[in-house]
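Structural characterization, general
One-letter residues, chain by chain:
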Amino acid sequence: MNYKRLTLLCGHYGSGKTNIAVNMALDMKKRFENVAVADLDIVNPYFRTKDSSELFKENGIRLIVSEYANSNLDIPALPDEMYALTDDRTMRAVLDIGGDDRGALALGRISPKIVEENDYEMLMVINKFRPLTPDAESTFEVMREIEAAGKIRFTGIINNSNLGDETTAQDVLESVRYAKEFSSLSRLPIVLTTVRKELYNTLNGKIENLFSLTLQAKPVD
Amino acid sequence: MADKVLMKGNEAIAEAAIIAGCRHYFGYPITPQTEVAAYMAKKMPKIGGVFLQAESEIAAINMVYGVSSAGKRVMTSSSSPGISLKGEGLSYLAGSDLPALVVNVQRGGPGLGGIQPSQSDYFQATRGGGHGDYRMIVLAPASVQEMAELTVKGFELADTYRMTSMILADGTMGQMMEPVSLDIEVKPAPEKPWATTGTKMERKHNIVNSLSLVPEELEQLNFARYERYKVIEEKEPMFEEYMVDDADIIIAAFGIASRVSKNAVNEARAMGIKAGLIRPITLWPFPKAPFKKAAGHAKQFISVELSMGQMIEDVRLATECKVPVTLCNRAGGMIPSPEQVLEAIKEAAKGGNE
């Protein structure tokens, strides 16, 4: 995809933002020198971008994350380097925003500057297999809540419909209809459809703008 | 596959409770179980149920007492420090013979501890937590699917035996996401003639109470309760066995530890070591039978736990100390790795742990 300076990933929690952020940053790094991932999640206690910190280091990607992420300090904390995202305009960055409207509250802190600069994509990550967003209407409701909390409007959609390890190519194909319904309801384009790399070859050519994901390691099988 | 959804363990508990007919949830947020409350807050108002964020854990458990007295399926959830606060209420529920579902998504302790996963509330769940002679049915899920299924089962057992069922999960189980089928069969709830639902001037008052003024009567209540517990110990133990039949080294592990251990057992088998796994699904009643049987052929048991070694005592009791039982553990929010468990198995195979 053509990356704007900032790519903001938002959505219902558990929609897959973190995995997409990790993969997108690696993809960005192929084309740009100064690349960062910013973890602005103030909701999730476990399974954060910080789990991939070694990978980022190896690839020369800057990780902007609260020093308390993955620690025992259980308070919503934002990284002190967060302002570099809007101050350093030589940087390309993926912003992993916490789930739902509560997570998007953190975004409201910097969204006025992002809107002012106007070189961003804000993408709604959707997954039809999540129980609270099974259809276009419920997903639209979450989207509006996020926009209200984050004080910024979405520009596109990432269809990340999946059932974890059990996702089949058929599941992804069937989710296209849901994504299209949500697209027409929200009047936003489907920018990407993301699938784990094992399914990429099967689906390549069948779905537009397909993006392959290598998933973060899980603590147990 | 389309009939499945992708859920966090905490969400699966909440949705399964709704499926089981629970329309009353009282709780107080605490990591790593907060999604149970968050899910209930979203769902309950839409289906005519009650979600109430109480002013404290103590208030929440007493609200559970009230709704249960009125005969309705009711639950609360928390994580370790919050369950300690509920201790008094758990004892009062037991003393009043009230069914309830209590969820503990454990974190590292003691004290405020941390927010990472743990299994160190095993003693608290299986030995009390509150005061007095009582038991709780303790269910230990090892997948998001089981988080859902055991929640339904927990409500059913609670109603059948008029006591508290506890889901003893850990932070990983609560936070991890897996595909779940919510097509879970729910048995109809039994009649509750004891409930305080109003006499309609047709019967005597029902009284729900844990106070007994006459010691002889209180003794009889305790005796009767323990007769019921005896039935549960005979009828309700649940467990999973994995490659146990010919095993020399047997792992005992529940919840997340059992998943790590299964990987290690597979690796050990690939190396030619006869390893197996017994996974208790009910921690009380503890499944003694498979352990006793396996002690007939096994050379050693290894209890794999996210604690300083708590279930190991039940393993020793169940195996009647016929063979050595050793501990393989991490604590304070850390999870044993499959490699660590494999090392313990290899050590045991050498006969080095005696």
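Residues numbered from 1 in each chain as written. Chains lettered and ligands numbered in written order. Predicted model: local features only at pLDDT ≥ 70, side-chain atom pairs only at ≥ 80, totals over all residues. Heavy atoms only, no water.

1. Overview of the sheet that holds strand 4 (residues 92-97) of chain A
Residue and element names in this part refer to chain A. The criterion, for reference: In this description, strands pair whenever DSSP reports at least two bridges between them. A run of H or I in DSSP counts as a helix once it spans at least four residues, and a run of E counts as a strand once it spans at least two, with each numbered from the N terminus. Lines fitted to the C-alpha atoms define the axes, with helices restricted to the stretch that makes contact. Angles between their N-to-C directions range from 0 to 180 degrees.
Here we have eight strands laid out as an open sheet, ordered 3-2-4-1-5-6-7-8, and parallel in their pairing. The strands lining the two open edges of the sheet, one partner per strand, are strand 3 (62-65) and strand 8 (210-213). Pairs of neighbouring strands in the sheet enclose a mean axial angle of 25 degrees, with direction left out of account. Sheet topology places strand 5 (residues 120-126) next to strand 6 (residues 156-159); four bridges connect them, and they run parallel. Of the residues in strand 6, the one forming a bridge with Val125 is Ile158.

2. Considerations on the pairing of strand 10 (residues 249-252) of chain B
Residue and element names in this part refer to chain B. Operational definition: Between buried and exposed lies partly exposed: a residue is buried under 20% and exposed over 50% of the maximum accessible area for its type, with that area taken using a 1.4 Å probe on protein chains only. By definition, the crossover connecting two strands over a helix is right-handed if that path, from the first strand to the second, turns clockwise as seen with the strands pointing away from the viewer.
By the alternation rule, side chains of strand 10 split into Ile249 and Ile251 and Ile250 and Ala252, which are all buried. Summarising the sheet, strand 10 and strand 11 (residues 275-280) pair through four bridges and their orientation is parallel. Paired with Ile249 across the bridge in strand 11 is Ala275. The handedness of the strand 10 to strand 11 crossover, carried by helix 10 (residues 255-270), is right-handed. Alignment of strand 10 against strand 13 (residues 300-305), held across four bridges, turns out to be parallel. Note that in strand 13 the partner of Ile250 across the bridge is Phe301.

3. Things to note about the side chain of Thr31(B)
Condition: For this analysis, residues touch if any pair of their heavy atoms sits within 4.5 Å.
Along the polypeptide, Thr31(B) turns up in the loop between strand 2 (24-27) and helix 2 (34-43). Residues within four places of Thr31(B) in sequence aside, it is in contact with Pro45(A), Asp74(A), Ser79(B), Arg107(B) and Ile115(B).

4. A few points about the domain arrangement of chain B
Residues and elements named next belong to chain B. We count it as follows: Where each domain starts and ends comes from a domain assignment, either automatic or drawn from a database. Summed over both partners, the accessible surface that disappears when two parts come together, traced with a 1.4 Å probe, is what is meant by buried area. Salt bridges are defined by distance alone: a side-chain nitrogen of Lys or Arg within 4 Å of a carboxyl oxygen of Asp or Glu.
According to the domain assignment, chain B consists of domain 1 (4-235) and domain 2 (240-349). Between domain 1 and domain 2, the C-alpha centre-to-centre distance is 28 Å. Contacts between the two partners involve 32 residues from domain 1 and, on the opposite side, 28 residues from domain 2. Interface area for domain 1 against domain 2, summed over the two sides, is near 2400 Å², with a carbon-plus-sulfur share of 58%. Summed over the shared surface of domain 1 and domain 2, the result is four salt bridges. Glu233 serves as the salt-bridge partner of Lys288, at 3.8 Å between the closest nitrogen and oxygen. Elements with a contribution of two residues or more to the side of domain 1 that touches domain 2: helix 6 (122-127), strand 6 (137-139), helix 7 (144-161), strand 7 (164-170), helix 8 (171-175) and helix 9 (215-235). Sorting elements by how many residues they give to the side of domain 1 that touches domain 2 places helix 6 first, with four residues.

5. Comments concerning a nonpolar patch on the surface
To be explicit about the condition: Any residue with relative accessible area above 30% and no salt bridge may belong to a patch, with like charges joined within 9 Å and the nonpolar Val, Leu, Ile, Met, Phe, Trp and Tyr side chains within 5 Å. Only the protein chains shown count as cover for residues, and the accessible areas themselves come from Shrake-Rupley with a 1.4 Å probe.
A cluster of nonpolar side chains, Tyr68(A), Leu73(A) and Ile75(A), forms an exposed patch at the surface whose accessible area comes to about 270 Å². When you line up the elements, Ile75(A) lands in the loop between strand 3 and helix 3 (84-87).

6. A few points about helix 3 (residues 57-69) of chain B
Within an α-helix, residues lying three or four positions from one another point in the same direction, as the helix has 3.6 residues per turn. Residues and elements named next belong to chain B. Put simply, the test is: Between the first and last residue of a helix there are one fewer steps than residues, each counted as 1.5 Å, and that sum is the expected span.
Here helix 3 contains 13 residues, and its C-alpha end-to-end distance of 19 Å stays within 8% of the 18 Å for a straight helix at 1.5 Å per residue. Looking at the buried positions of helix 3, the neighbouring elements they touch are strand 2, strand 4 (74-78), helix 4 (80-85), helix 5 (87-95) and strand 5 (100-106). Just beyond helix 3, the residue with positive phi is Gly71, at close to 85 degrees.

7. A look at the interface of chain A and chain B
The criterion, for reference: Any pair of nitrogen or oxygen atoms within 3.5 Å is treated as a polar contact; in protein, a donor-acceptor pairing is required on top of that, and neighbouring residues in sequence qualify only through side-chain atoms on both sides.
Chain A puts 29 residues into the contact, and the matching count from chain B is 30 residues. When chain A packs against chain B, the two sides together hide about 2600 Å² of surface, and 58% of this comes from carbon and sulfur. Where chain A meets chain B, there are three salt bridges. Linking chain A with chain B are seven residue pairs in polar contact (both at pLDDT 80 or more). Of all the secondary-structure elements, those providing two or more residues to the side of chain A that touches chain B are helix 4 (100-104), helix 6 (136-150) and helix 7 (169-186) of chain A.

8. Here's the deal with the packing of aromatic side chains
Formally: When the centres of two rings from Phe, Tyr and Trp lie within 6.5 Å, Trp using its six-membered ring, the rings pair. Their planes under 30 degrees apart give stacked, over 60 give edge-to-face, and anything left gives tilted. By the criterion adopted, a ring carries a charge over it if an Arg CZ or a Lys NZ lies within 6 Å of its centre and within 35 degrees of its normal.
Applying the stated rule across the entire model yields six aromatic pairs over all chains. Arranged with centres 5.8 Å apart and planes meeting at 5 degrees, the rings of Tyr25(B) and Phe51(B) form a pair that is stacked. Placement of the pair is Tyr25(B) in strand 2 and Phe51(B) in strand 3 (residues 50-53), with a sequence separation of 26 residues. Among the residues examined, Tyr25(B) registers a relative accessible area of 0% and is labelled buried. When its relative accessible area of 26% is taken as the criterion, Phe51(B) is described as partly exposed. Considering the side-chain rings of Tyr226(B) and Tyr229(B), the 4.7 Å spacing of their centres and the 65 degrees angle between planes classify their relative orientation as edge-to-face. In this pair, Tyr226(B) and Tyr229(B) both sit in helix 9, three residues apart, roughly one turn of the helix. Members of the aromatic cluster, joined through ring pairs, are Tyr226(B), Tyr229(B) and Trp284(B). In this structure, Lys128(A) packs its charged tip against the face of Phe129(A), placed 5.2 Å from the ring centre.

9. Concerning the pairing of strand 2 (residues 35-40) of chain A
Residue and element names in this part refer to chain A. With respect to burial, strand 2 is a largely interior element, six of its six residues being buried. Residues Val35, Val37 and Asp39 line one face of strand 2 and the alternating positions Ala36, Ala38 and Leu40 line the opposite face, and both faces are buried. Both strand 2 and strand 4 contribute to a ladder of six bridges, which runs parallel. Across the sheet, Leu40 pairs through a bridge with Ile97, a residue of strand 4. Between the parallel elements strand 2 and strand 3, the chain passes through helix 2 (residues 53-58) in a crossover that is right-handed.

10. What about unusual backbone geometry?
Leave glycine aside and you will find that most residues have negative phi; peptide bonds, for their part, are mostly trans. With an omega of 5 degrees, the peptide bond running from Thr31(B) to Pro32(B) counts as cis. Relative to the assigned elements, Pro32(B) resides in the loop between strand 2 and helix 2. Geometrically, the link from Trp284(B) to Pro285(B) is a cis peptide bond, its omega value of -5 degrees lying close to zero. Mapping Pro285(B) onto the fold places it in the loop between strand 12 (282-284) and helix 11 (288-294). Of note in the backbone geometry, Asn118(A) takes a positive phi value of approximately 55 degrees without being a glycine. Assignment of secondary structure puts Asn118(A) in the loop between helix 5 (111-117) and strand 5.

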